[in-house]
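Observations on chain architecture
In case you want the letters, here they are:
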Amino acid sequence: QKEVEQDPGPLSVPEGAIVSLNCTYSNSAFQYFMWYRQYSRKGPELLMYTYSSGNKEDGRFTAQVDKSSKYISLFIRDSQPSDSATYLCAMSVSWGKLQFGAGTQVVVTP
Amino acid sequence: DGGITQSPKYLFRKEGQNVTLSCEQNLNHDAMYWYRQDPGQGLRLIYYSQIVNDFQKGDIAEGYSVSREKKESFPLTVTSAQKNPTAFYLCASDRGLGEQFFGPGTRLTVL
């Protein structure tokens, strides 16, 4: 069983809809949680970084961490075609070695 | 502009050949990392270095080697011992707070 599980998708949504992404994990020692966006054939770009349980909002993006359920989520409001990408969750016990999910491909259709 | 550069963007290797991928950063970050990305498998850690002249194996180090002679540079050599080297290789760095920043990647193909 992988330490970090993420549905690979593809997840297709119409423009303007809310995109909902999630990851589950098995290691209760994880305490740093990140979401990256990766366009095709490009390096991942850091979107959100959280340290504790709860919500963090940045513009159209909201990250949620539920340590008791070992579950993290990313919500994208008012989705745009430019949001079409692969979204990777990542987490670590301490700074340094990250464990990544496999990534979810998102397609936002005009 | 601060950032991470990787070269070349595309690289082709013949059977039995060693190749070296370049990674340079001007972010003044102490830690640097190399990942391999295969379709449907996310990113897997090859090697990482937290300070100059020191590095550790990641989850899939076999067939790879690295050096860290300068803070700015962390080259990766894919040796002939790596039996399935075709992949997208990503270099990253972080300042010690857990957030890693990635370069644009090198796509390696075995001919």
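Being a predicted model, the structure only gives us computed values, none of them experimental. (Residues numbered from 1 in each chain as written. Chains lettered and ligands numbered in written order. Predicted model: local features only at pLDDT ≥ 70, side-chain atom pairs only at ≥ 80, totals over all residues. Heavy atoms only, no water.)

Within chain B, the secondary structure is distributed over zero helices and eleven strands. Seen in sequence order, chain B has helices and strands lined up from the N terminus as β-β-β-β-β-β-β-β-β-β-β. Computed over C-alpha atoms, the radius of gyration of chain B comes to 13 Å, within 12% of the 13 Å expected from 2.2 N^0.38 for 111 residues, which places it in the range of a compact globule. Considering only C-alpha atoms, chain B reaches an extent of 35 × 25 × 25 Å along its principal axes. (Helix = DSSP H or I, 4+ residues; strand = E, 2+ residues; numbered from the N terminus. Rg over C-alpha atoms; globule rule 2.2 N^0.38 Å.)

When its volume is computed, the largest pocket comes out at roughly 490 Å³. Forming the boundary of the largest pocket are 24 residues, of which A:Gln38, A:Thr86, B:Gln37, B:Pro39 and B:Gly40 lie nearest the centre. Elements supplying a minimum of two residues to the lining of the largest pocket: strand E9 (85-92) and strand E11 (104-109) of chain A together with strand E9 (87-94) and strand E11 (106-110) of chain B. Tallied by class, residues from the lining of the largest pocket come to nine nonpolar, twelve polar and three charged. Volume-wise, the second largest pocket comes out at about 250 Å³. If you go around the second largest pocket, you meet 14 residues; those closest to its centre are A:Gln99, A:Phe100, B:Gln41, B:Leu43 and B:Arg44. Those elements that provide at least two residues to the lining of the second largest pocket are strand E10 (99-100) of chain A together with strand E5 (43-51) of chain B. Considering every element that reaches the lining of the second largest pocket, the biggest residue donor is E5(B), with three residues. When grouped by side-chain class, the residues that make up the lining of the second largest pocket number seven nonpolar, three polar and four charged. (1 Å grid on protein atoms, 1.4 Å probe; cavity = no way out; pocket = protein on both sides within 12 Å on 5 of 7 lines; lining within 4 Å. Points joined across faces, edges and corners; volume = space filled by probe spheres on them. Nonpolar A, V, L, I, M, F, W, Y, C, P; charged D, E, K, R; others polar.)

What follows deals with the interface of chain A and chain B. In this assembly, 20 residues from chain A lie in contact with 25 residues from chain B. Taking both sides of the interface into account, the surface hidden between chain A and chain B amounts to around 1,800 Å²; carbon and sulfur atoms contribute 57%. Taken as a group, A:Arg41, A:Trp95 and A:Lys97 account for 33% of the area that chain A buries against chain B, more than any other trio of residues on that side. In this assembly, chain A and chain B are joined by zero salt bridges. Viewed at the interface, chain B and chain A are joined by two residue pairs in polar contact (both at pLDDT 80 or more). Among the residues forming the side of chain A that touches chain B, the class breakdown is eleven nonpolar, five polar and four charged. (Contact = heavy atoms within 4.5 Å. Buried area = accessible area lost by both parts, 1.4 Å probe. Salt bridge = Lys/Arg side-chain N within 4 Å of Asp/Glu carboxyl O. Polar contact = N/O pair within 3.5 Å; in protein donor to acceptor, adjacent residues only side chain to side chain.)

For the rest of this paragraph, the subject is the sheet that holds strand E6 (residues 54-58) of chain A. Pairing between the strands of a sheet comes from backbone hydrogen bonds, and it takes one of two forms, parallel or antiparallel. All names here are of chain A. Reading across the sheet, the five strands line up as E1-E3-E8-E7-E6 and stay open at both edges, with antiparallel pairing between neighbours. At either end of the open sheet lies a strand with only one pairing partner, and these are strand E1 (4-6) and E6. If you compare each strand with its neighbour and ignore which way they point, the axes differ by 15° on average. Of the strand pairs in this sheet, strand E7 (residues 61-66) and strand E8 (residues 71-76) are connected by six bridges, and their pairing is antiparallel. Bridge pairing links Thr62 to Phe75 in E8. (Pairing = 2+ DSSP bridges. Axes fitted to C-alpha atoms, helices over the stretch in contact; angles between N-to-C directions.)

Moving on, we get to the pairing of strand E6 (residues 54-57) of chain B. A regular strand places its side chains so that they alternate between the two faces of the sheet. Residue and element names in this part refer to chain B. In the sheet, E5 pairs with E6 via three bridges, with the strands oriented antiparallel. Bridge pairing links Ile51 to Asp54 in E6. Connecting E5 to the next strand, E6, in antiparallel fashion are two residues, including Asn53 with a positive phi near 65°.

Residues and elements named next belong to chain A. With respect to the helices, strands and loops of the structure, Ser26 is situated in the loop between strand E3 (19-25) and strand E4 (32-38). Under the relative-accessibility criterion, Ser26 is labelled partly exposed at 39%. Separated by 25 residues in sequence, Ser26 and Gln1 place their C-alpha atoms 8.9 Å apart. What Ser26 contacts, discounting residues up to four positions off in sequence, is Lys2, Glu3 and Lys70. (Buried < 20%, exposed > 50% of the residue type's maximum accessible area, 1.4 Å probe, protein only.)

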